[in-house]
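What the coordinates show
These are the residues of each chain, in order.
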Amino acid sequence: MKKHLIRLLTAAGLVCFGVAVTKTYDKYQNTEHSRVPRKRTATTAYAGSFNPFVKQASAAATSGSSEDKIPNNTLEPRPVTIGPQTDDLRLYPTITKGMRTPFDLWRYYGRGVSSYTSPVLPMRFEQWVAFHERQKPQLMEDVREYMSGRYNFSGEAIPGQFMSGGKPIMAGPVARLPKGIDSYEQLASMKPAEIKEQDVFPFKPIAHPLQSSAHMVFPESWIKAHPEHRRIDVDMDIPEDYLPEFPPPLFLTTHKELGDVSNGQEITLDNYYEIFDGLLTPEQMEGVKELLRPSPTTWFNHTEHRVTLEPSKGVACMDCHVNGHTNGAIELGPDSRPNMARLRTDTPTMRGNFNLMQLSSKRSIRSMDHFSEVEEYFDGDPGMQQAIGPRAVKREVTNRMADFNAILDYPPAPKLDPLMRLIPDLATEQELRGEALFNGKAQCAKCHYGPAFVDDYMHDLQVERFYVGRPEGPIKTFPLRGIKDSPPYLHDGRCPTLHDTVEFFNIVLALNLNEQEKEDLVAYMLCL
């Protein structure tokens, strides 16, 4: 009898212990306590906790059966050794593929569970589609509200100014000033610490609108021509007026006399031969064909690990770099982990790459051959190739792709002489004043000089001096030649117009430019 009683009490104790462990696990699951930081406890972070425009993914998926919802049982990110620049930051939230992410991801830090991803969805494909059918409408409504809170996209154009193909150029600045700040001049007169303390910096970074899956988001102008690239989960967050023209002109260094070789057409696999036969070498013809050939990518492919309703052939280089330029599609830089630490990047133009030695925003890619060869189609994770299919481009093929890239020219700049100076007889007084400022007080020429107006270096602007956020570190200088054709500006598009860009640098570099000087600078850059 005594032996049975001991066994009964032992069993009861084990049951109580199991219940206690379960309750404790449920209490601390998905909090900072589930992965204890090494030096201090960070603020609890979860999607939507701090931002009225970001609602919890669970709320976005309230309809339907429980098996349709994305499970919230992913591992908490591993703790990091806390440095002096993380005191005001939050640990990244626990989020899996497809779930909504905070719009202010620059406020977060930490390590992911792993550097490696899996080509497996967190649910069946039909559930994946149903989940995004419910989440996307509210997500995009919140994205538009968030962006309209940061920018006044009025659609006002600069009178008489057009891109190389005729699209109007938008006037600015369109970034909204915070309450209590009456003018950009007032803001520029404040010290960085004061701006940061009052949280009034209008040019904070922009995150991908759905950074958990991220990948390429194409503008509506492209989607209308290529509906196979319409995503089921997210759309472009910048209005068409503030993006490059579509299709853009194409200029060749070898045939400047022809002007726009594309004749206003989008160059495709169907028409490239007709357009270029007799103008290019056979090797260049092979290169442009490969630039137009789709390859499977992380989320555009034939498997169920995709963000299109139907299976996709993939994406080609010139799907984003349309006609050797850009359509303004966004992506994430492939050079960092976790996924939520990757910087949003706009598609840069390929015009004038023959004059550049720095061909990646964060890494040392120093040749067009290397640029064409680098495997970015899987977001820097070659392990995805096994399930989705390799790009399989050999070195001799990427060399031919680079050969075509090497003859893509900048648009004409009739007011510039051979040494890239304004011709006084052709320039206005305002443009000449802008040139003097560019080379003098505004200090632009310290980084933007030579035939492409670029120094081919990376610079760290230390913008985190003006807001609470992760340091973005050094990012390459982008060329200013033909800059009017490539809005929005900075690597993530946080400056939609040239006016916004001038205001940004006036604050960040403490240039003390007045209103007239800023207008003069814009007038000059429109000539480049």
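Rules used in this analysis
- The residue numbers shown here count from 1 along each chain, following its written sequence.
- Since the coordinates come from a predicted model, pLDDT governs what is reported: local features require at least 70, and pairs of side-chain atoms require 80 or more to be given and counted, while whole-chain, interface and lining totals use all residues.
- In computing side-chain properties, one takes all heavy atoms of the structure into account and sets aside hydrogens as well as water.
- In this text, helices come from DSSP runs of H or I with a minimum length of four residues, and strands from runs of E with a minimum of two, each type numbered from the N-terminal end.
- Using a 1.4 Å probe on the protein chains alone, a residue whose accessible area is under 20% of its type maximum counts as buried, one over 50% counts as exposed, and one in between counts as partly exposed.
- Contacts between residues were defined by any pair of non-hydrogen atoms, one from each residue, lying within 4.5 Å.
- Method for areas: the Shrake-Rupley scheme with a 1.4 Å probe, in which residue coverage is limited to the protein chains shown.
- Expected helix span is taken as 1.5 Å per residue step, with the number of steps being one fewer than the number of residues.
- A residue's bend is given by the angle between axes fitted to the 7 residues ending at it and the 7 residues starting at it.
- We call a set of buried Ala, Val, Leu, Ile, Met, Phe, Trp, Tyr and Cys residues a nonpolar core when their side-chain atoms join them within 4.5 Å.
- Note on geometry: axes are lines fitted to C-alpha atoms, helical ones only across the stretch in contact, with angles between N-to-C directions running from 0 to 180 degrees.
- For this classification, under 35 degrees means roughly parallel, over 145 means roughly antiparallel, 65 to 115 means roughly perpendicular, and everything else is oblique.
- The crossing is said to be left-handed when, going from far helix to near helix, the turn is anticlockwise and less than a right angle, and right-handed when the turn is clockwise.
- Note on residue categories: nonpolar means Ala, Val, Leu, Ile, Met, Phe, Trp, Tyr, Cys or Pro, charged means Asp, Glu, Lys or Arg, and polar means any other residue, Gly included.
- We define a salt bridge as a contact between a side-chain nitrogen of Lys or Arg and a carboxyl oxygen of Asp or Glu at a distance within 4 Å.
- Each residue carries a pLDDT score, the predictor's own confidence in it, on a scale running from 0 to 100.

1. Brief notes about the overall build of the protein chain
- Tallying secondary structure elements over the protein chain gives 15 helices and 8 strands in all.
- In the protein chain, which comprises 528 residues, the proportion classed as buried is 53%.
- Taking the contacts inside the protein chain whose residues are at least 6 apart along the sequence as the reference set, 68% of them involve residues at least 24 apart.
- Accessible surface, the protein chain as shown: approximately 24,000 Å² in total, 54% of it carbon and sulfur.

2. Concerning helix H3 (residues 125–150)
- Taking 1.5 Å of rise per residue, the 26 residues of H3 would be expected to cover 38 Å, and the 35 Å separating its terminal C-alpha atoms lies within 8% of that figure.
- Along its length, H3 shows its largest kink, about 35 degrees, at Gln135, and proline Pro137 lies within four residues downstream of that point.

3. A look at the nonpolar core
- In terms of nonpolar packing, the biggest core is built from 63 residues, with Leu187, Ile195, Phe201, Phe203, Phe453, Ile507 and Leu521 touching the most fellow members.
- Counting 24 residues, the second-largest nonpolar core is a separate cluster that includes Ile267, Tyr377, Ile388 and Met401.

4. Examining the packing of helix H13 (residues 429–439) against helix H15 (residues 515–525)
- Where H13 meets H15, the axes come as close as 7 Å, and the angle between the chain directions of the two elements is 100 degrees. The angle between H13 and H15 falls in the class roughly perpendicular. On H15, the residues touching Gln430, Glu431, Arg433, Gly434, Glu435, Leu437 and Phe438 of H13 are Gln516, Glu517, Glu519, Asp520, Leu521, Ala523 and Tyr524.

5. Things to note about the environment of Leu422
- The topology assignment puts Leu422 in the loop between helix H12 (395–405) and H13.
- On the accessibility criterion, Leu422 (5% relative accessible area) is buried.
- Sequence separation between Leu422 and Leu432 is 10 residues, and the spatial gap between their C-alpha atoms is 7.1 Å.
- Setting aside anything within four residues of it in sequence, one finds Leu422 in contact with Lys415, Leu416, Ala427, Glu431, Leu432, Glu435, Tyr524 and Cys527.

6. Describing the packing of helix H14 (residues 498–508) against H15
- Contact pair H14 / H15: the axes reach a minimum separation of 10 Å and the direction vectors enclose 125 degrees. Judged on the interaxial angle alone, H15 and H14 are oblique. When you trace H14 past H15, the crossing you get is right-handed. Counting all contacts with H14, which are made through Leu498, His499, Val502, Glu503 and Asn506, the residues of H15 involved are Lys518, Glu519, Leu521, Val522 and Met525.
- Looking at the contact of H14 with H15, its residues break down into 5 nonpolar, 2 polar and 3 charged.

7. Some remarks on the pattern of salt bridges
- Counted by the stated rule, this structure contains 23 salt bridges.
- Across the pair Lys256 and Asp409 runs a salt bridge, and its minimum N-O distance is 2.8 Å. Of this pair, Lys256 sits in the loop between helix H6 (220–225) and helix H7 (272–276) while Asp409 sits in the loop between H12 and H13, and the two are 153 residues apart along the sequence.
- When its relative accessible area of 61% is taken as the criterion, Lys256 is described as exposed.
- Residue classification places Asp409 among the buried residues on the basis of a relative accessible area of 9%.
- Salt-bridge contacts for Lys518 lead to Glu503; the nearest nitrogen and oxygen are separated by 3.0 Å. Here the residue Lys518 occupies a position in helix H15, and Glu503 occupies one in helix H14, the gap between them amounting to 15 residues.

8. Focus on the confidence of the model for the protein chain
- Mean pLDDT over the protein chain stands at 87; residues scoring 70 or higher make up 84%.
- Low pLDDT, under 50, characterises residues 28–76; the predicted model gives this stretch 112 contacts beyond four residues in sequence or across chains.

9. Considering the side chain of Gln358
- Here Gln358 shows up in the loop between strand S6 (344–346) and helix H10 (368–373).
- Looking at Gln358, the relative accessible area reads 3%, which means it is buried.
- Setting aside residues no more than four positions away along its own chain, Gln358 makes contact with Arg363, Ser364, Ile365, Arg366, Asp456, Met458 and Lys476.

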